[in-house]
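Observations on chain architecture
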Amino acid sequence: MNGKVSGMALKASPDNTIFALDIGTRTVIGLVAIPEDGRLRLVAQRLVEHQRRTMLDGQIHDIPGVARAVKTVKEELEGELGFPLRQVAIAAAGRSLITRSCHIEQETGGQEIDWPEVNALELAAIQQAHRELAAEPPPSGQDFTCVGYSIVSYYLDGYPISSLVGHRGKTIGADVLATFLPNSVVNSLYAVLQRVELEPLSLTLEPIAAIEAAIPENYRLLNLALVDIGAGTSDIAITRDGAIAAYGMVPVAGDEITEEIVQTCLVDFDTAERMKRELVRGGDIHYTDIVGLESTISCQELLDRIDPALERLAREISTQILAQNGGRPPRSVFCVGGGGQVPGLTEKIARHLELDKNRVVLRDRRSLGQVLMVDGDDQIPGPEGITVAGIALVALRKLGHDFIHIMVNGVEHRLFNAREFTVGNVLALTGFNPRLLIGHNGKNLTFTLNGRRQVIYGGLSQPARILVNDREANMQTRVAHGDRIVVHPAVNGADARATVADLLPPGGTITVYVSHRPVKMAACCLINGQAAEPTREIPPGGEVEICAAKPLGEWLAEELGVPAAELGRYEVLVNGRAVSPDYRLHDGDRVDCRHREEDRRRPPAEPATFKPGPEAPAAGESRNNQDAAETLATDPETTGEISGPAPARGITVMVNGRAVTLTGRSSYIFIDIFNYIDLDLEGLKPPVCLTLNGKEASFTDELHDGDIIEIGTSNHKAGSHGL
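The structure displayed is predicted, hence computed values, not measured ones.

Brief notes about the overall build of the protein
- Helix and strand content of the protein: 13 helices and 42 strands.
- Across the 723 residues that make up the protein, the buried fraction comes to 48%.
- Contacts in the protein between residues at least 24 apart in sequence constitute 63% of all its contacts with a sequence separation of at least 6.
- Surface exposure of the protein reaches about 35700 Å², of which carbon and sulfur atoms provide 48%.

Quick look at the structure:
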């Protein structure tokens, strides 16, 4: 629709106009007006219907679909005006509406009260209402945003007053009626605006906007009800004693009538919507049903068919009016919105409220002469054009006070000024990804090393860094108009990694003890039983073994200078236990090697001992036969044993009260005793107690002739475990 006013569009500019949008369930109406002496002069307007049902019950369901209709309105208005539209005043339907009444008082400085001080008082009241709402269990777990408020009364030094500006006093106060909607409702409106490159100039509630236009302030001393009957919702506001006293909403409206026509006439929704609008003109209505049959029905017959739905709508609206007005009917009811034009609806509302039918009236643009000036013909003269005019009026009267500007990472955001903002609030409202605020430590690397579980921990995350106006801040830091927030996202820690080279001992060798003498051996790494290069990464859950590069049998054959096939003549003990030639030594292992006893008449010979040569061999090198001769004396023809120095005299010690003689060596340590006793290991329950001459002993303590040894548990005497 073209609402261009002759001669006015050329005078309009981006600096002197207000752009308002009424985003309804069935239509989007845009209006551009110039403020003049507290009123609005209409410059241009457009009405566009949604192509399909992109909104239901006042709630946006299809954001791209609604954005298409808004874009059409915007582009057509821009084409007429000759300049782009950047900011827009909007309103939200009252679906899931919550209201809170709040009283606030503040001390003044004794100076003349100005509008910024009054505005600060109002915002303090809204913030208090928001805190009270936040302290209650949220309905359905939702968060709520304040979308508008009304001043019920001002107070100066405790006395009611209609206006505070220009007065002086010690205290000022206000009673405020704040309205809240779920964040999801508000965010969907913002999402539509972002898609069409519009910024919100003002946000209000649809019944607040409608009452701003339809019921002037000098009418509000009366107990009146305003009902904005749209397509999806019917929003209600109540006035009395000079103020707006209550808001309400019912999720039924004009679409209920349309859907009744769909059912009774078997037509699609768009055809039913057209038939509903033709009811206003009277006469016959022609239509084609869903099977292609052309039919004609009189308005009266159609009204008779939809009477049950019309009755339900009137009853729902009347019930909500009574609920918001303390159970009493108001003096009069003003109806606006396209859904209220169905013949007979106002009369039914009057009957349910027990009012004279003349007390329930339909308001249209002709009643807005005090607030809206129209030069020429008004292309949207009916009640559907009331709310959009009210949205523009709310923006005019609260211009500059509804929104604050805050920069987030260099991008400016406009936020409805209805709460005390913190960094956390702002980031949530501006769509900042909360996952960027939380860093995760790197994954740990877990594996087994020589049979023991090992864990290498992942790197620690670096927390997000928040700056407000270049100063360190956190999520609870308060922010205000003009503040700059910079968020450096958290940095995840690196996953733990390790290579074979990281686990190999220094120099690539391990140290074993052969007859108590340290010997260095070249080391290697096995991962899950397979040899691994130094550069290979340790896999999660891998079984890692750091051991001698050569199997014990191969190493002994080289050291003794005998063929591997003859190793069976020798008994090899590692840590006191017999092992196979395939065994690989580990760091710290103790090795004893002796010729197997074939002649029990011979005295036991000392086990072979490894003596360090003049210089230790280089890591990884094998001893040659000459080196072996210096450290391993072999004479099987004479002794049948691998012999070292001449056998030394043995020693006798007492073990758990029994004498045990250790022979064949010049020195002994505590662990050697286990080669001479038969100990019931399964009978020992931890913790095991080892004592030497009455003191706690370790396996490496040196033994002497006559020492007293006890081996047992801490809860039993050592002698209770027989040898």
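Quick notes on helix H7 (residues 299–324)
- Its maximal kink placed at Ile 306, H7 deviates by approximately 55°, while the proline Pro 308 follows within four residues.
- Two residues or fewer past H7, Gly 326 is found with a positive phi of approximately 75°.

A word on the nonpolar core
- Among the nonpolar cores identified, the biggest contains 75 residues, and Leu 21 and Val 70 are the most heavily contacted of them.
- Ranked by residues supplied to this core, first place goes to helix H9 (residues 386–397) with 8 residues.
- Sequence-distant contacts of Val 70, that is, excluding residues within four places in its chain, are made with Leu 21, Ile 23, Val 28, Val 192, Val 196 and Leu 198.
- In terms of nonpolar packing, the next biggest core, distinct from the first, is built from 40 residues, Ile 236, Val 333, Leu 355 and Val 360 among them.

With respect to the pairing of strand E28 (residues 517–527)
- Bridging between strand E27 (residues 509–514) and E28 involves 6 bridges; their strand directions are antiparallel. Paired with Thr 509 across the strands is Ala 522, a residue of E28.
- Taken together, E27 and the strand that follows it, E28, pair antiparallel across an intervening segment of 2 residues, in which Ser 515 is found at a positive phi of about 50°.
- In this sheet, strand E29 (residues 530–531) lies alongside E28 in antiparallel orientation, the contact comprising 2 bridges.

Looking at the packing of aromatic side chains
- Here the structure, examined in full by the defined rule, presents 0 aromatic pairs.
- The positively charged end of Arg 363 is found above the aromatic ring belonging to Phe 334, 4.6 Å away from the centroid.
- Over the ring of Tyr 513 we find Arg 590, and its NZ or CZ is 5.0 Å from the ring centre.

Topic: the packing of helix H4 (residues 206–214) against H9
- One can describe the packing of H4 onto H9 by two numbers: an axis separation of 7 Å at closest approach and a directional angle of 90°. By the criterion of interaxial angle, the relationship of H4 to H9 is roughly perpendicular. Contacts from Glu 206, Ile 208, Ala 209, Ala 210, Glu 212, Ala 213 and Ala 214 in H4 reach Ile 386, Thr 387, Ala 389, Gly 390, Ile 391, Leu 393, Val 394 and Arg 397 in H9.
- Taken together, the residues of the contact of H4 with H9 sort by class into 10 nonpolar, 2 polar and 3 charged.

Some details on a nonpolar patch on the surface
- Together, Leu 266, Ile 290, Val 291 and Leu 293 make up a nonpolar patch on the protein surface, roughly 430 Å² of accessible area in all.
- Among the secondary structure elements, Leu 293 is positioned in the loop between strand E15 (284–288) and strand E16 (294–298).

Quick word on the pairing of strand E6 (residues 87–92)
- A large share of E6 lies buried, amounting to 5 of its 6 residues.
- By the bridge criterion, 6 bridges tie E6 to strand E11 (residues 199–205) in an arrangement that is parallel. Along E11, the bridge assignment pairs Gln 87 with Glu 199.

Details of the sheet that holds strand E39 (residues 688–692)
- The 5 strands are arranged E37-E36-E42-E39-E40 in an open sheet whose pairing can be described as mixed. Sheet topology places strand E37 (658–662) and strand E40 (695–696) at the edges, where each strand pairs with a single neighbour.
- Bridge analysis of strand E36 (residues 651–655) against strand E42 (residues 708–713) gives 2 bridges, and the strand direction is parallel. When the bridges of E42 are listed, Val 655 appears paired with Ile 709.

Observations concerning the pattern of salt bridges
- Applying the stated criterion across every chain yields a total of 21 salt bridges.
- A salt bridge links Arg 366 to Asp 364; its shortest N-O distance comes to 2.7 Å.
- Judged by relative accessible area, which is 74%, Arg 366 ranks as exposed.

Observations concerning the sheet that holds strand E9 (residues 159–161)
- The strand order across the open sheet formed by 4 strands is E7-E10-E8-E9, and the pairing between neighbours is antiparallel. Sheet topology places strand E7 (98–107) and E9 at the edges, where each strand pairs with a single neighbour. Sheet twist, expressed as the average angle between the axes of neighbouring strands with direction ignored, equals 40°.
- Across 10 bridges, E7 lies against strand E10 (residues 171–182) in antiparallel orientation.

Observations concerning H4
- Counting buried residues along H4, 9 of its 9 residues qualify, which places the element largely inside the surrounding structure.
- Among the residues of H4, Glu 206, Pro 207, Ile 208, Ala 209, Ala 210, Ile 211, Glu 212, Ala 213 and Ala 214 are the ones counted as buried.

Thoughts on the environment of Phe 447
- Tracing the backbone through its elements, the reader meets Phe 447 in strand E22 (residues 445–449).
- Phe 447 sits in the buried class, given a relative accessible area of 3%.
- Considering only alpha carbons, one finds Phe 447 and Pro 539, 92 residues apart in sequence, at a separation of 7.5 Å.
- When residues no more than four places from it in sequence are discounted, the contact partners of Phe 447 are Arg 452, Arg 453, Gln 454, Ile 456, Leu 503, Ile 538, Pro 539, Gly 541, Gly 542 and Val 544.

Topic: unusual backbone geometry
- Located in the positive-phi region is Glu 197, a residue other than glycine, with phi close to 60°.
- With respect to the helices and strands, the residue Glu 197 is situated in the loop between helix H3 (183–195) and E11.
- Located in the positive-phi region is Asn 656, a residue other than glycine, with phi close to 50°.
- Exposure remark for Asn 656: the relative accessible area of 14% places this residue in the buried category.

Quick notes on the state of the cysteines
- Counted by the stated rule, this structure contains 0 disulfides.
- Here Cys 547 stays free of any disulfide, with the sulfur of Cys 524 as its closest cysteine sulfur at 4.0 Å.

A few points about the packing of helix H5 (residues 254–265) against H7
- Between H5 and H7, whose axes approach to 9 Å, the crossing angle comes to 140°. Taken together, the axes of H5 and H7 are oblique relative to one another. As H5 runs across H7, the sense of the crossing is right-handed. Taking contact as the criterion, the partners of Glu 256, Ile 257, Glu 260, Ile 261, Thr 264 and Cys 265 in H5 are, on H7, Leu 302, Arg 305, Ile 306, Ala 309, Leu 310, Arg 312 and Leu 313.

Side note on the confidence of the model for the protein
- Considering every residue of the protein, the mean pLDDT works out to 80; 85% of them sit at 70 or more.
- Throughout residues 1–10 the model reports pLDDT below 50, and contacts reaching past four residues in sequence, or to other chains, amount to 29 contacts.
- Predicted confidence is poor over residues 716–723, with pLDDT under 50, and the contacts of this stretch with residues over four places away or in other chains come to 19 contacts.

A closer look at the environment of His 488
- When you line up the elements, His 488 lands in strand E26 (residues 484–488).
- Residue classification places His 488 among the partly exposed residues on the basis of a relative accessible area of 37%.
- Note: C-alpha distance between His 488 and Ile 466 (22 residues apart in sequence) is 6.3 Å.
- In this view, His 488 contacts Ala 464, Arg 465 and Leu 467; residues no more than four positions away in its chain are not counted.

A short note on the side chain of Asp 62
- Checked against the element boundaries, Asp 62 lands in the loop between strand E5 (59–60) and helix H1 (63–81).
- Residue Asp 62 is classed as buried on the basis of its relative accessible area of 15%.
- Once you skip the residues sitting within four places of it in the chain, Asp 62 turns out to touch Arg 52, Thr 54 and Arg 68.

Conventions adopted
- Residues numbered from 1 in each chain as written.
- Predicted model: local features only at pLDDT ≥ 70, side-chain atom pairs only at ≥ 80, totals over all residues.
- Heavy atoms only, no water.
- Helix = DSSP H or I, 4+ residues; strand = E, 2+ residues; numbered from the N terminus.
- Buried < 20%, exposed > 50% of the residue type's maximum accessible area, 1.4 Å probe, protein only.
- Contact = heavy atoms within 4.5 Å.
- Areas by Shrake-Rupley, 256 points an atom, 1.4 Å probe, with all protein chains shown as cover.
- Bend = angle between axes of the 7 residues up to and from the residue.
- Core = buried A, V, L, I, M, F, W, Y, C linked by side-chain atoms within 4.5 Å.
- Pairing = 2+ DSSP bridges.
- Phe/Tyr/Trp six-rings, centres within 6.5 Å; stacked < 30°, edge-to-face > 60°.
- Lys NZ or Arg CZ within 6 Å of the ring centre and 35° of its normal.
- Axes fitted to C-alpha atoms, helices over the stretch in contact; angles between N-to-C directions.
- Parallel < 35°, antiparallel > 145°, perpendicular 65-115°, else oblique.
- Nonpolar A, V, L, I, M, F, W, Y, C, P; charged D, E, K, R; others polar.
- Patch = residues over 30% accessible without salt bridge, like charges linked within 9 Å, V, L, I, M, F, W, Y side chains within 5 Å.
- Salt bridge = Lys/Arg side-chain N within 4 Å of Asp/Glu carboxyl O.
- Disulfide = S-S within 2.5 Å.
- Left-handed = near helix turned anticlockwise from the far one by under 90°.
- pLDDT = per-residue confidence, 0-100.

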